[in-house]
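Topology and contacts: notes
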Amino acid sequence: MLNEQIKISPYKKRLSTIIIDKKLAEELNISNKKRAFVSFGAKKAFVDVEFPLGGLSNEVFLSTDILTSLRIPEYLTYEIRIDKNEIKIGPCIGILISNNRYENIKKRYIKSFHSSVLDYKGILGAIIIFSLDRVDASNQIIEGYCYNPIKDNWEAGIFPYPLAIYKRIGISKKWENHFLSVIGDGLFNNYYPNKCEVYSWLKDEKIISSHIPDSAIYKSWNDIEYMLTKYKSIYVKPIWGMKGIGVVKISAADNDIIFNYRENSENKEKVVKNLKSASENFFAPNRYIIQQSIELINNKGSIVDLRCVLQKDGTQNWICNAIIARLGAHGSVVSNVSNGGEAKTAIDFFREDMLLSEKDAFILKEKIINYCMEICSLLDKYGLNLGVLGLDIGIDKEGKLWLIEINSRSPNPAIVLRANDILSYYNILSAPLYYGKSIAGFKA
Amino acid sequence: MNYRILVNHSDNNSKVLVPIEFLHAPNEINTKYVFISFGQRKVKAEIDTDKCLECNEIMVSKDIADALYLNLEVEYQLKYDKNTIRIGPVIGLLLGLKKNDISNNLLKRALNYTLLYNNINGLIVVFSIEGVDYENGIIEGYFFNPKCEKRQLPWGKGVFPIPNSIFQRITLDKYNQNKLKSITQNCIFNSSYFNKWEFWIMVSRCSSVKYNIPYTRILNSLDDVDFIINKYGSSYIKPINGTLAQGIYKINKHLNTYLFKKKNKAQKLSRKQAKEYINNTIKDKKYIVQQPIEAFTIDGRHMDFRVIMQKDYTKEWMCTGIISFTGIEGDICSNSGGELLFEYALEGRLKLSRESTFIIKQNMIDICKKICKILDSSGENYGDLGFDVVLDKNLRVWVLEVNKRQYHSTPLWVGDIQTFYAVKTNPIKYAAALGGFTIY
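Note that the structure is predicted; figures quoted are calculated from it, not measured.

All right, on to the overall build of chain A then. If you tally the helices and strands in chain A, you get 13 helices and 25 strands. Considered along the principal axes of its C-alpha atoms, chain A spans approximately 90 × 50 × 40 Å. Taking all 444 residues of chain A together, the buried fraction comes to 42%. Partitioning the intrachain contacts of chain A with sequence separation of at least 6 by distance along the chain shows that 65% fall at a separation of at least 24.

Here it is as structure tokens:
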């Protein structure tokens, strides 16, 4: 059976009633039901069921009391699904964008979601942007902005808890457990592993372990000395860092120790006489991770890594929606585009800069996807609910793949814009909504 | 992890030796006997561990290797479920009717199917229907040998078990079709052929897409043509089984004169002549008559699209690529002329914005996906379909036809080699997944 699209209209003459056209009821295989319960998001209500003949098959009537208590907007198109005695109307998907800045949603965020709902026809239901400061935990309702496809704008309103919430911010354990109790495991991306966790989890995995740089937590300057003796060249990175900020490359050359880093969009080099005092100057204990430096392929003096955008789709399978080569600023120790680098699609990079044939470029791309999939399925096994991941993969001079970093905290899709691949950009923006739809009970 | 299979030639006692790790998670083997399967062959064996084995090796006794027709030249994935160690995958590419059809040239072209062999391993076997021995559950064919010396064609001749899954690129008779379907438990795709009329019957039942396919009738007489013309102003007649533009007529009517148009030829016929013409046409070939769709035109040339729908490792439908064709002015079909990538066609030719292009693309894919699912619901197994799609003046999506043996080379017409490789390798990913083996 195909997913049925419906409109909801109010019915004033009766209480607690749903009216579904006979033909639709037969298609949904519920034509013998007398009682059922209707759900929208986390709200549910018992109803009597009627199946009159001859109406419009895509129009469902709900008595106004139910419509009000379930808080179903009338301006949306919905899908209807049946699960035993439940008539699900939805999907109802939330995007949790802020902790305490409800006012900012309208001012700042709404615009940025315009492109995410271009593909609304494939998603349907309610897509609600909200912030924690307008969540009413005792009544289990949220205040937020819901996309109205007819007017192509976002309408303020009060809604039930969505059954899937795309979490774009960190929230407290208390909130996490509250949502878990009400909506189940519907919160994604529900965990942001830091660089240390990633390393400690993956280092014992057979297939992956030889593809992650050896790492250690920075506790004192001895750790740096130890790693430097072992590898001659190392990276020290903030454990919670993003965008390559605060990354220092340390190399031992002859008798000198050199610190390379970016500051004010410039490359800095510092010859260090006293490793102890320099380390203590640069790094705070337990806040930095020391990593073996990998000799990544470079392009005319820029280091290159690949940002792979992995997303779960409406069938909850991981799909690689883009691989972008990031070419760091010339001489920079990091490849981050926000730090002065440039980007192009991986295939273009393989062909134009690595001078690979079409065939070898294809095989390399698939090898990278293969490797990313291993990591994704491991993260799934570890018990994280992730729908969106940015994996940074490096290729060393022998062609071996390395996992440089895992980004689960809003990996920036704008990176693909740089690579001039706008259609996959739209795809990437709508993918979390498709995944949300599927965990809200509307699997494709 | 990939495994090497070793054979103990001095042992004929149905034994399998595995490294100790193999018994543990996730397999949790604690029985004395297991089944071992390879393709569609299966035997029972006594299982034991052997310390001398590397963690990626298993050893079987000679009788087992013989009974399974094990090929020892390649490495395999090993899966354990329901008390069975499955060695594989064994993927079949059914590319010919006769053994002689499997020429060197065909094998050379089939190499594109093996591009991702290193992700999958096991056997990829090209075979013909003549090479199938149902009685013994084996096939004769050519397996891809990754260790083959360079300059040599890397296909080795041999005898193999009937595969776990089969990608069928030829039209089969009912007998062989049903036989292979039942042996592989429906792991053969595209298993069944449907003609244009069967397509209409299946798809028009579904309200969500029935207005995205042209209204169709079987052509029994001129009355059917009249019916369509009265309703839609004009009509197309098409052979029920044809592909591409072969045998397609456009029929217009003015008062009592009919205008039959085929490619660039046109003839005027009276009602009596038209009746005769139709009766002659349908004498030995079945036709359908269809509502005409006014495709979007640019400078008098209309544009249509090939939407490549395939299943991959997810076993779900997805769009591998969309190619657009622009027809020659005045031609009623557009199977000749300029080809473009979808994005260039819509943005460059139709002057649409990026956003609209994206929305139309998603809509096109969505409709094709829905139709794919309807075809799936018939119980047949499809994994590789080519949709002929047009946009009308209102940019509504119309699916004119679905091709069961689509040209995989369509992306090459627009120079998109990457998509061509994806088109070639997706069915292999799907085949591996169908057989219960992993790609990623």
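Anyway, onward from the coordinates.
Here we come to the packing of helix H8 (residues 221–231) of chain A against helix H9 (residues 275–282) of chain A. Residues and elements named next belong to chain A. Where H8 contacts H9, the axes come no closer than 9 Å and their chain directions differ by 115°. In the crossing of H8 with H9, the sense of the turn from one axis to the other is right-handed. Facing Trp221, Ile224 and Glu225 of H8, the residues of H9 in contact are Leu275, Lys276, Ser279 and Glu280. Partitioned by chemical class, the residues of the contact of H8 with H9 number three nonpolar, one polar and three charged.

Residues and elements named next belong to chain A. Along its sequence, chain A is organised into domain 1 (4–89), domain 2 (92–188), domain 3 (214–292) and domain 4 (297–439). Distance between the C-alpha centres of domain 1 and domain 2: 24 Å. Each partner contributes to the interface: domain 1 provides 13 residues, whereas domain 2 provides 18 residues. With three residues, the top contributor of residues to the side of domain 1 that touches domain 2 is strand E6 (residues 77–83). In the side of domain 1 that touches domain 2, the residues fall into seven nonpolar, three polar and three charged.

This part takes up the interface of chain B and chain A. In this assembly, 23 residues from chain B lie in contact with 20 residues from chain A. Only helix H10 (354–376) and helix H11 (417–434) of chain B provide two or more residues apiece to the side of chain B that touches chain A.

The next subject is helix H10 (residues 346–353) of chain A. All names here are of chain A. Those residues of H10 lying buried are Ala346, Phe349 and Phe350. With its buried residues spanning 100° around the axis, H10 presents them on a single face. For H10, the elements touching its buried residues are strand E21 (302–312), strand E22 (318–327), strand E23 (342–345) and helix H11 (358–381). Looking one or two residues past H10, leucine 355 carries a phi angle of roughly 60°, positive in sign.

The subject of this paragraph is the packing of helix H9 (residues 342–349) of chain B against H10 of chain B. All names here are of chain B. Where H9 meets H10, the closest approach of the two axes is 10 Å, and the angle between their N-to-C directions is 135°. Comparing their axes, H10 and H9 come out oblique. Considering how the two elements wind past one another, H9 and H10 form a crossing that is right-handed. Contacts from Phe342, Glu343, Leu346 and Glu347 in H9 reach Arg354, Thr357, Ile360 and Lys361 in H10. Its residues placed into classes, the contact of H9 with H10 shows three nonpolar, one polar and four charged.

So, on to the environment of leucine 310 of chain A. All names here are of chain A. Residue position: leucine 310 is located in strand E21. By the C-beta count within 10 Å, which is 25 here, leucine 310 ends up buried. Taking the C-alpha atoms as reference points, leucine 310 and serine 116, 194 residues apart in sequence, are found 17 Å from one another. Sequence-distant contacts of leucine 310, that is, excluding residues within four places in its chain, are made with Trp318, Cys320, Cys372, Cys376, Leu389 and Leu391.

All names here are of chain A. Strand order in the open sheet formed by six strands is E14-E19-E15-E16-E17-E18, and the pairing between neighbours is antiparallel. Each end of this open sheet is capped by a strand with a single partner; those strands are strand E14 (215–217) and strand E18 (266–272). In this sheet, adjacent strand axes meet at a mean angle of 25° when their direction is disregarded. Sheet topology places strand E16 (residues 248–253) next to strand E17 (residues 256–263); six bridges connect them, and they run antiparallel. Its bridge partner lying in E17, alanine 253 is registered against aspartate 256. In this fold H8 packs onto E14, strand E15 (233–238), E16 and strand E19 (288–292), with an angle of close to 140° to the strand it touches most, E15.

What counts and what doesn't
Residues numbered from 1 in each chain as written. Chains lettered and ligands numbered in written order. Predicted model: local features only at pLDDT ≥ 70, side-chain atom pairs only at ≥ 80, totals over all residues. Helix = DSSP H or I, 4+ residues; strand = E, 2+ residues; numbered from the N terminus. Buried ≥ 20, exposed ≤ 12 C-beta atoms within 10 Å, placed from the backbone. Contact = placed C-beta atoms within 7 Å. Axes fitted to C-alpha atoms, helices over the stretch in contact; angles between N-to-C directions. Left-handed = near helix turned anticlockwise from the far one by under 90°. Nonpolar A, V, L, I, M, F, W, Y, C, P; charged D, E, K, R; others polar. Domains from an automatic or database assignment. Arc of directions from axis to C-beta. Parallel < 35°, antiparallel > 145°, perpendicular 65-115°, else oblique. Pairing = 2+ DSSP bridges.

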